[in-house]
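# Topology and contacts: notes
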2 protein chains.
Amino acid sequence: MPAQAKPTSEVLILDAAQAVFLERGLTGARMQEIADRAGINKAMLHYYFRSKEKLFEVVVSRAIGGAMPQLFELLESEADLFAKIYQVSSFYLDFISRNTFLPLFIVDGINRNPQFFFASVVQTNQPRLQRFFQQVEEAVAAGRIRPISGLQLLINIVSLIVFPFLAKPLYQVAAGFSEEAFAAEMARRRAEVPDLVINGLQLGI
Amino acid sequence: MPAQAKPTSEVLILDAAQAVFLERGLTGARMQEIADRAGINKAMLHYYFRSKEKLFEVVVSRAIGGAMPQLFELLESEADLFAKIYQVSSFYLDFISRNTFLPLFIVDGINRNPQFFFASVVQTNQPRLQRFFQQVEEAVAAGRIRPISGLQLLINIVSLIVFPFLAKPLYQVAAGFSEEAFAAEMARRRAEVPDLVINGLQLGI
DNA sequence: AAGTTGTTTAACCATATGGTTAACTAATGG
DNA sequence: CCATTAGTTAACCATATGGTTAAACAACTT
């Protein structure tokens, strides 16, 4: 393989900024700390990204950018509902496992600046999950699953996947989980979540 | 009833601080804004609470304080496992509905300062959920529910209850929910969550 | 080699911020 | 009624912070 190209200042800054914004939040993050961690003069941050807010926006977009469209695509695919639940859970859990910082990042941002974050997450006229919701309605109407709204179902899935990552420090402090133990527990959830969701969709006992 | 006693400065400060800490986070919150919103001189904040951090600690303890012990009590009670799931879901959802700001508050705090928040949430030698975990193990062993660890089950419940409140702004911005519509949706979850969890505990299809 | 452009740096600046001080007023109680 | 304490205030302080500037440097063009 070719020698790793030295990362550009821009990338150094973005990586450092992402780490610092995660640890401290938007207001808690210090431009100086970002600069230090990137090994770069503070003025460079402004040279490349004008202001703290702009830098933050770029960091957010870069972090979220890739995965959301894929997720929406999965949800709107032609696949069977149950298969879809497995696919989405798997993909989502994988993605977050590779970016454990994202959930806090997003939840915090969403709550402090809903419209901006919404625009970042659900980029330009994303499909409206028409098909997924319709699919749920049909399954209910056909008596294949118990009555539930598509929204509730989606929220259930997302909750079960995302929340544990928000509670990660609790796993560590309260239950004494190491980094690896936590990862293993999350891996276990790759089966647990769709099992629970699908099992929970069966018609009443 | 007696005329509402004028709230003391201390309470005025705590209420204002709670609101501001919620909106801006620990670092984003400004002592001046807290003072203004409490209608009180800034020096008073330090008079009553020495420092920003101390004030924050008191706010957190006050907000979390009451409910956690009750929750633990429910989890460790003698009740049947399924009944317990209903009780916990109901109580927890009620409590959070009355304090919709708490989840973000805690999740954010937990991630930025795990040990302090853990100490606040799980006050002095709280029971270790021995009984609840054992109860789950027994139910699994007896073949009354599918195999699952007590921790996973607990996490499932908490996830389903708490996460939607973290995503509240998304309900509003993305799905156009009003404050009332959101409350109604959460009310619906009081049945949805235990139904899903319990249904999802049944032995495989 | 001299211009030209993009990149990097140290030194600054204006302002915001958490915290302190010293003086003043309202209670309390002996 | 006076003294001691609790409560409250405006003015102040040291520092941190986001952001700017002017000059130096590097790389490329001609």
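Residues numbered from 1 in each chain as written. Chains lettered and ligands numbered in written order. Predicted model: local features only at pLDDT ≥ 70, side-chain atom pairs only at ≥ 80, totals over all residues. Heavy atoms only, no water.

- An unreviewed UniProt entry annotates chain A as HTH tetR-type domain-containing protein of Hymenobacter crusticola.

### Here's the deal with the overall build of chain A
- Within chain A, the regular secondary structure consists of 12 helices and 0 strands.
- Starting at the N terminus and ending at the C terminus, chain A contains elements arranged as α-α-α-α-α-α-α-α-α-α-α-α.
- By principal-axis analysis of the C-alpha atoms, chain A measures approximately 65 × 45 × 40 Å.
- Counting only residues that meet the buried cut, chain A has 50% of its 205 residues in that class. (Helix = DSSP H or I, 4+ residues; strand = E, 2+ residues; numbered from the N terminus. Buried < 20%, exposed > 50% of the residue type's maximum accessible area, 1.4 Å probe, protein only.)

### A short note on the domain arrangement of chain A
- Partitioning chain A into domains gives domain 1 (1-50) and domain 2 (66-201).
- The C-alpha-based centres of domain 1 of chain A and domain 2 of chain A are spaced at 30 Å. (Domains from an automatic or database assignment.)

### Digging into the interface of chain B and chain A
- Counting residues at the interface gives 46 residues for chain B and 44 residues for chain A.
- When chain B packs against chain A, the two sides together hide about 4300 Å² of surface, and 62% of this comes from carbon and sulfur.
- If you look at where chain B meets chain A, you find 4 salt bridges.
- Residues aspartate 108 of chain B and arginine 112 of chain A are paired through a salt bridge, measuring 3.8 Å at the closest nitrogen-oxygen approach.
- If you look at where chain B meets chain A, you find 23 residue pairs in polar contact (both at pLDDT 80 or more).
- Only α1 (9-28), α7 (102-112), α8 (114-121), α10 (150-166), α11 (168-175) and α12 (179-199) of chain B provide two or more residues apiece to the side of chain B that touches chain A. (Contact = heavy atoms within 4.5 Å. Buried area = accessible area lost by both parts, 1.4 Å probe. Salt bridge = Lys/Arg side-chain N within 4 Å of Asp/Glu carboxyl O. Polar contact = N/O pair within 3.5 Å; in protein donor to acceptor, adjacent residues only side chain to side chain.)

### Regarding the protein's contact with DNA strand C
- As a structural note, the neighbourhood of DNA strand C is formed by 14 residues, with Met44 and Tyr48 of chain A together with Arg30, Lys42 and Lys52 of chain B the closest of them.
- Within 4 Å of the protein, the contacting atoms of DNA strand C are 60% sugar and phosphate, with bases supplying the remainder.
- The contact in question runs from a phosphate oxygen of DNA strand C to an N or O atom on the side chain of serine 9 of chain A, over 3.0 Å.
- For DNA strand C, a base oxygen lies 2.6 Å from a polar atom in the side chain of lysine 42 of chain B.
- Top element by residues in the surface near DNA strand C is helix α3 (residues 42-49) of chain A. It accounts for 4 residues. (Near = heavy atom within 4 Å.)

### A look at the relation of the copies chain B and chain A
- For the match of chain B to chain A, the screw axis carries a shift of 0.0 Å, the RMSD comes to 0.1 Å, and the turn is 180°. Each copy turns onto its partner about a two-fold axis. Among all residues of chain B, the one whose C-alpha sits closest to the rotation axis is glycine 200 of chain B, at a distance of 2.1 Å.
- Mapped onto chain A, 96% of the interface residues of chain B are again interface residues, and the two copies thus contact each other with one and the same surface. (Least-squares fit on C-alpha atoms with pLDDT ≥ 70 in both.)

### Quick word on the layout of surface pockets
- Considering only enclosed or pocket space, the largest pocket measures out at about 1200 Å³ in volume.
- A breakdown of the residues in the lining of the largest pocket according to their chemical character gives 22 nonpolar, 14 polar and 13 charged. (1 Å grid on protein atoms, 1.4 Å probe; cavity = no way out; pocket = protein on both sides within 12 Å on 5 of 7 lines; lining within 4 Å. Points joined across faces, edges and corners; volume = space filled by probe spheres on them. Nonpolar A, V, L, I, M, F, W, Y, C, P; charged D, E, K, R; others polar.)

### Details of the protein's contact with DNA strand D
- If you check the shell around DNA strand D, you find 14 residues, and the closest are Arg30, Lys42 and Lys52 of chain A together with Ser9 and Met44 of chain B.
- Protein-proximal atoms of DNA strand D, defined as those within 4 Å of the protein, fall in sugar or phosphate at a share of 60%.
- In the model, a phosphate oxygen of DNA strand D is placed 3.2 Å from a nitrogen or oxygen of the alanine 29 of chain A main chain.
- Of all elements in the fold, only α3 of chain A together with α3 (42-49) of chain B reach the threshold of two or more residues within the surface near DNA strand D.
- Per-element tally for the surface near DNA strand D: the top contributor is α3 of chain B, with 4 residues.
- Split by residue class, the surface near DNA strand D holds 7 nonpolar, 4 polar and 3 charged.

### Regarding the side chain of glutamate 185 of chain B
- For glutamate 185 of chain B, the location among the structural elements is in helix α12.
- Among residues more than four places away in sequence, those in contact with glutamate 185 of chain B are Leu151 and Gln152 of chain A together with Tyr171 and Phe177 of chain B.

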